[in-house]
Amino acid sequence: MRTTLRVGAVNYLNTRPLIERLTDFAPAVELSLALPSRLADRLAADEIDVGLIPVVEYFRGANYSFIPGIAIASRGPVLSVTLFSRVPWAEIRSVALDEGSRTSAALAQILLRKRYGVRPGVEPLPIGASAEAAPTDAVLLIGDRAMRACLPGHPFAYDLGQEWTDWTGLPMVYAVWAVRGGVALGETEGAFHRAKEYGLARAGVIAQREAAALGLDPGYCRRYLTNIIRYDLGPRELAGMARFRELAAELGLAPEGTDDVRDDRPDLVESR
């Protein structure tokens, strides 16, 4: 019988408050870091038990559940999911999608096709490839890479969190702690909540610590963690997840169904 809980998280700034001292709160946790898209593959392959995976991969997964009350989300601008474009939305005919994400890739396609009525050709942007040199009209960047990017050859920079909320009136949920079927967290589930509370209380410390390595201003990082990213998964976030799944399913990007994104338990409350 396995005594460790294999947990995978995203190696981005916005994840740090969720994993700060997680292994102290739950010594049985064996934590590894990877890109969100690779975490989804590892969870599907039974290489990890719990993963902070793209929400679209949660929809695609087999028999997954999620830890309630915790997410990476936004209610307006997100700053770390940006579509850089040489032309306005309506003129985009080709787009390169950051290989690191699948939720944001699906979100970009939903906005392009459903909101703006364009159907551009889509290709992957490999990790490490030059976004500025991509031959496409637009380039989607996510995470720390998006926060550092400038791309002077792309005069348009669209924040997809803002675009989603302006269009739907709902929060956008990018990732959840997905639990593989058959894995019982028991009391360990509480450690994820304690780590979140501890991490958010130390957002300034985390920002100061991580900023130099990212090449970003510490104050900017702190505002990002405290004022931009939402870490709760409350009723509005669940409604946003359901709407996102509905639209993704219409485009063949996710299976049908919304029941698994509803949580009516009375202990599900918003703390931020």
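Heads up: the structure comes first, above all this text.
Residue positions are given per chain, counted from 1 along the sequence in the order it is written. Restriction of local features to residues with pLDDT of at least 70 applies here, the model being predicted, together with a cutoff of 80 or more for giving and counting side-chain atom pairs; totals for whole chains, interfaces and linings are based on all residues. Values reported for side chains reflect all heavy atoms of the structure, with hydrogen atoms and water molecules removed beforehand.

Visitor: Explain the overall build of the chain here, please?
Guide: The helix and strand tally for the chain stands at eleven helices and eleven strands. Computation of the radius of gyration draws on C-alpha atoms alone. For the globule rule, the value is 2.2 Å times the number of residues to the power 0.38. Its C-alpha radius of gyration of 18 Å places the chain within 12% of the 19 Å reference for a compact globule of 272 residues. Relative to its 272 residues, the chain shows a buried fraction of 54%. Any pair of residues with heavy atoms lying within 4.5 Å of one another is described as a contacting pair. Taking the intrachain contacts of the chain between residues at least 6 apart in sequence as the baseline, contacts between residues at least 24 apart amount to 80%. Only the protein chains shown count as cover for residues, with accessible areas throughout obtained via the Shrake-Rupley method and a probe of 1.4 Å. A total of about 11,400 Å² of accessible surface is found on the chain, and carbon and sulfur atoms cover 49% of it. Note on charges: Lys and Arg go in the positive column, Asp and Glu in the negative column, and His and the chain ends are not counted at all. For this purpose, a charge sits on NZ of Lys, CZ of Arg, CG of Asp or CD of Glu. Of the side chains in the chain, 31 bear a positive and 34 a negative charge, and the two mean positions are spaced by 2 Å. Helical segments are the DSSP runs of H or I of at least four residues, strand segments are the runs of E of at least two, and each set is numbered from the N terminus. Only protein chains enter the calculation, and the probe is 1.4 Å; a residue is then buried if its accessible area is under 20% of its type maximum, exposed if over 50%, and partly exposed in between.

Visitor: I'm lost on the sheet that holds strand S1 (residues 5-10) in this one. Help?
Guide: In a beta sheet, neighbouring strands are held together by backbone hydrogen bonds and run either parallel or antiparallel to one another. A strand pair is defined by DSSP finding two or more bridges across the two strands. With mixed pairing, six strands are arranged side by side in an open sheet as S2-S1-S3-S10-S4-S11. The open sheet has two edge strands, strand S2 (29-34) and strand S11 (229-230), and neither has a second partner. Bridge count for strand S4 (residues 65-74) against strand S10 (residues 172-179) is six bridges, and the pairing is antiparallel. Note that in S10 the partner of Phe66 across the bridge is Ala178. The axes are straight lines fitted to the C-alpha atoms, using for helices just the contacting stretch, and the angles between their N-to-C directions are given from 0 to 180°. Taken strand by strand, helix H8 (residues 189-201) contacts S1, strand S3 (50-54), S4 and S10, and its axis lies near 20 degrees from that of S4.

Visitor: Looking at this structure, how should I read the environment of Leu111?
Guide: Mapped onto the fold, Leu111 is located in helix H5 (residues 103-115). Along the sequence, Leu111 and Trp167 sit 56 residues apart, while their C-alpha atoms lie 8.9 Å from each other. Filtering out sequence-adjacent residues up to four positions away, Leu111 remains in contact with Trp89, Tyr116, Leu160, Glu163, Trp164 and Trp167.

Visitor: Can you walk me through the packing of helix H9 (residues 203-214) against helix H10 (residues 218-228) in this structure?
Guide: Geometry of a packed helix pair, given as the angle between the helix axes and the separation of the axes. At a minimum axis separation of 8 Å, H9 and H10 run at an interaxial angle of 135 degrees. Taken together, the axes of H9 and H10 are oblique relative to one another. Where H9 crosses over H10, the handedness of that crossing is right-handed. When H9 is examined against H10, the residues Ala203, Gly204, Ile206, Ala207, Gln208 and Ala211 are found in contact with a partner set consisting of Pro218, Cys221, Arg222, Leu225 and Thr226. Roughly parallel refers to an angle under 35 degrees, roughly antiparallel to one over 145, roughly perpendicular to one between 65 and 115, and oblique to any angle outside these ranges. Helix crossings get a hand from a simple test, with the near helix turned counterclockwise from the far one by less than a right angle marking a left-handed crossing and a clockwise turn marking a right-handed one.

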